[in-house]
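# Reading the structure
The lines below spell out each chain.
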Amino acid sequence: MGAFYCSICGKTDFSGKGHIHGKSHQSKLKVILVKFMDKVKEARRTIKNPQVEKYSPHHDVKFWCYCCALEVQKHVTDSNITVLYGGLLEHMSTPEHRKNTHKFCWDNKADLKLRDKFITTEEETERFKSEVSKALEQFEEKEDVFIKQQAAVIRSQEQHRLEVLQSLSEPDPELLQPAELDHYSNKPTARSSHSRSYEMEAQPGPSHEDHEASHCHRSEPGFGLTFIGYQNSSSCGNVHTGAVPPWLLEEPDEGPQEMGPSIQEFLKHKEQEKLKKLPPNRVGANFDHSSHTDANWLPSFGRVWNSGRRWQSRNQFREEEAKTRGKRKWKDDGKATKKQKGLSNGEL
Amino acid sequence: MSFFLPKLSCKKDIDDAIKTVAEKVLVLRFGRDADSVCLQLDEILSKTAHDLSNMASVYLVDVETAPLYTRYFDISFIPSTVFFFNGQHMKVDYGSPDHTKFVGSFKTKQDFMDLIEVIYRGAMRGKLIVRSPIDPRNVPKYELLYHDI
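Residues numbered from 1 in each chain as written. Chains lettered and ligands numbered in written order. Predicted model: local features only at pLDDT ≥ 70, side-chain atom pairs only at ≥ 80, totals over all residues. Heavy atoms only, no water.

### A short note on the overall build of chain B
Across its full length, chain B holds four helices and seven strands. Traced from its N-terminal end to its C-terminal end, chain B shows the element sequence β-α-β-α-β-α-β-β-β-α-β. Here chain B holds 149 residues, and the buried ones make up 52% of them. In chain B, 74% of the contacts between residues at least 6 apart in sequence involve partners at least 24 apart. Entry remark: accessible area of chain B is about 7,100 Å², with carbon and sulfur atoms responsible for 54%. (Helix = DSSP H or I, 4+ residues; strand = E, 2+ residues; numbered from the N terminus. Buried < 20%, exposed > 50% of the residue type's maximum accessible area, 1.4 Å probe, protein only. Contact = heavy atoms within 4.5 Å. Areas by Shrake-Rupley, 256 points an atom, 1.4 Å probe, with all protein chains shown as cover.)

So, in structure tokens, the structure goes:
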């Protein structure tokens, strides 16, 4: 026969139309039909109950119609709202598509029942259109209600702000005017933005708070803030005039000072670093080397004939000293010994 | 060449030495400069003092000049060497009856250096009593008498 490109298999065949009955062709055909069937089913569900939604970018998808070998818009949209699967249904109702579908099924020996599914009859189309119009009306009603609600919210916010301004004790016409201008400029922008998209529900909330904060820098006890006076910085300047920041100004009472530690402190620090490296549980780690002790201080010493704690050695020694002092004094018969100081209470 | 070891002649000097020597073993030799055994010991001490300068400081004390400490440390024989670390008295078990001091002289310089090293290591680990590395045969023998007898 001749060269023949089968679009389903994606192969050029030389055996003519005979390959259509082959296994691979039929299996590929089945797969295609199943896929297409799913899409069509979805679309058919919406005939009785069309869904109308706000426009969103993913409504612009196209789908490939196998029968007509073209790409068709899936949904119908006028850049404000979309009717889901409208495009698909519309395409399926066209007479060209009907012809193509017949041809397709005849050529590829597809099931006749399926063919009917792929075409929408005129009745179905009529029904779909009426349902769509109803749905559109409902949708528009809902949108109107929503807009009105938003408007009410904005109005109440405005009222609130005006009340706040009026309740201030200090009359300040300078403040009121820019505030009112702000209000008026915000209202039309808010309304237009609403008509554009309905996803800005988050915005009215925070913008409400922002405005509150900016207008509340003047305050009164009723709002829990204390007024500390109008700060006049025209003498020293502020960041806008380019004045020197306070933390860079020279202190009047501090002269040129040396920064950092002196040599002595540095050496001491070095010594301390060395000490830190020593094991912390060494003997006498907490011994205070610079403590001043009086003349009868005795070091911690465990004496030979004392098997108790070391302070007991010390006490024993002091007692012995006291005894020998006493004996000597007795012997010397009143001669004053200069070591009477040893008769302390033995406490350091 | 022998280095002259510093001498302490009064209680206050000894107190100062005990308090100020930090992170090193303080060696106090109690004796008399003219005594023969003391001279032997002093020679060993002075020859090793420089090598042990990072671990120990050595001082000589004449027992006549510090009778209070002579009594406090129960020094009955000379020379007697007492060891301190950071103001704490270090006891050493030499195999002899008295652990609080080393009585007599050392046989060799190495004995003394080993002893100092053992005391230093023990002190760094927090031990107040250590075991002497010196062979007991090289440790001078003496009789410890209770002073009332």
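### Section: the nonpolar core
Val-25, Phe-83 and Ile-116 of chain B are the most contacted members of the largest nonpolar core, which totals 30 residues. The set of elements that each furnish at least two residues to this core consists of strand 2 (25-31), helix 2 (36-49), strand 3 (56-62), strand 4 (80-85), strand 5 (88-93) and helix 4 (109-124) of chain B. Element by element, the count of residues in this core is highest for helix 4 of chain B, at seven residues. Residue contacts for Ile-116 of chain B: discarding those within four places in its chain leaves Val-25, Val-27, Leu-52, Met-55, Ala-56 and Phe-83 of chain B. Among the nonpolar cores identified, the runner-up in size contains 24 residues, and Cys-6, Ile-32, Phe-63 and Met-92 of chain A belong to it. (Core = buried A, V, L, I, M, F, W, Y, C linked by side-chain atoms within 4.5 Å.)

### Section: the interface of chain B and chain A
Taken together, the contact pairs 37 residues of chain B with 32 residues of chain A. Across the chain B/chain A interface, buried area totals approximately 3,000 Å², and carbon plus sulfur atoms make up 59% of it. Run the count over chain B and chain A and you get three salt bridges. We note a salt bridge from Glu-321 of chain A to Arg-71 of chain B, for which the minimum N-O separation is 2.7 Å. Elements supplying a minimum of two residues to the side of chain B that touches chain A: helix 1 (11-20), helix 3 (67-72), strand 4, strand 5 and helix 4 of chain B. Counted by class, the side of chain B that touches chain A contains 18 nonpolar, eight polar and 11 charged residues. (Buried area = accessible area lost by both parts, 1.4 Å probe. Salt bridge = Lys/Arg side-chain N within 4 Å of Asp/Glu carboxyl O. Nonpolar A, V, L, I, M, F, W, Y, C, P; charged D, E, K, R; others polar.)

### Considering the side chain of Asp-74 of chain B
With respect to the secondary-structure elements, Asp-74 of chain B resides in the loop between helix 3 and strand 4. The class for Asp-74 of chain B is buried, based on a relative accessible area of 16%. Looking at Asp-74 of chain B, its side chain comes within polar contact range of the main-chain nitrogen of Val-304 of chain A, at 3.2 Å. Filtering out sequence-adjacent residues up to four positions away, Asp-74 of chain B remains in contact with Arg-303, Val-304 and Trp-305 of chain A together with Lys-101 of chain B. (Polar contact = N/O pair within 3.5 Å; in protein donor to acceptor, adjacent residues only side chain to side chain.)

### Focus on the packing of aromatic side chains
Enumeration over the complete set of coordinates arrives at 13 aromatic pairs over all chains. Centre to centre, the rings of Tyr-69 of chain B and Phe-73 of chain B are 5.2 Å apart; their planes meet at 20 degrees, and the pair counts as stacked. Take Phe-73 of chain B: its relative accessible area is 0%, and that puts it in the buried class. Between Tyr-72 of chain B and Phe-73 of chain B the ring centres are 5.6 Å apart and the planes differ by 35 degrees, which places this aromatic pair in the tilted class. By way of ring pairs, the aromatic residues Phe-301 and Phe-317 of chain A together with Phe-30, Tyr-69, Tyr-72, Phe-73 and Phe-84 of chain B are connected into one cluster. (Phe/Tyr/Trp six-rings, centres within 6.5 Å; stacked < 30°, edge-to-face > 60°.)

### Re the packing of helix 1 (residues 23-48) of chain A against helix 5 (residues 122-167) of chain A
For the pair helix 1 of chain A and helix 5 of chain A, interaxial distance at closest approach is 8 Å and the crossing angle is 60 degrees. From helix 1 of chain A, Arg-44, Thr-46, Ile-47 and Lys-48 of chain A reach across to helix 5 of chain A, where they touch Glu-124, Arg-127, Phe-128 and Glu-131 of chain A. (Axes fitted to C-alpha atoms, helices over the stretch in contact; angles between N-to-C directions.)

### Overview of the pairing of strand 2 of chain B
Residue and element names in this part refer to chain B. Within strand 2, seven of the seven residues are buried, leaving the element largely enclosed by the surrounding structure. Here strand 2 shows no split at all, with Val-25, Val-27, Arg-29 and Gly-31 on one side and Leu-26, Leu-28 and Phe-30 on the other all buried. Where strand 2 meets strand 3, seven bridges bridge the pair, whose relative direction is parallel. Bridging from a neighbouring strand, Gly-31 pairs with Asp-62 of strand 3. Regarding the hand of the β-α-β motif, the stretch spanning strand 2, helix 2 and strand 3 is right-handed. Both strand 2 and strand 4 contribute to a ladder of six bridges, which runs antiparallel. Each residue of the ladder has a partner; that of Phe-30, found in strand 4, is Ser-80. (Pairing = 2+ DSSP bridges. Right-handed = clockwise from strand over helix to strand, strands pointing away.)

Everything listed here is a matter of coordinates, which is why it stays silent on function.
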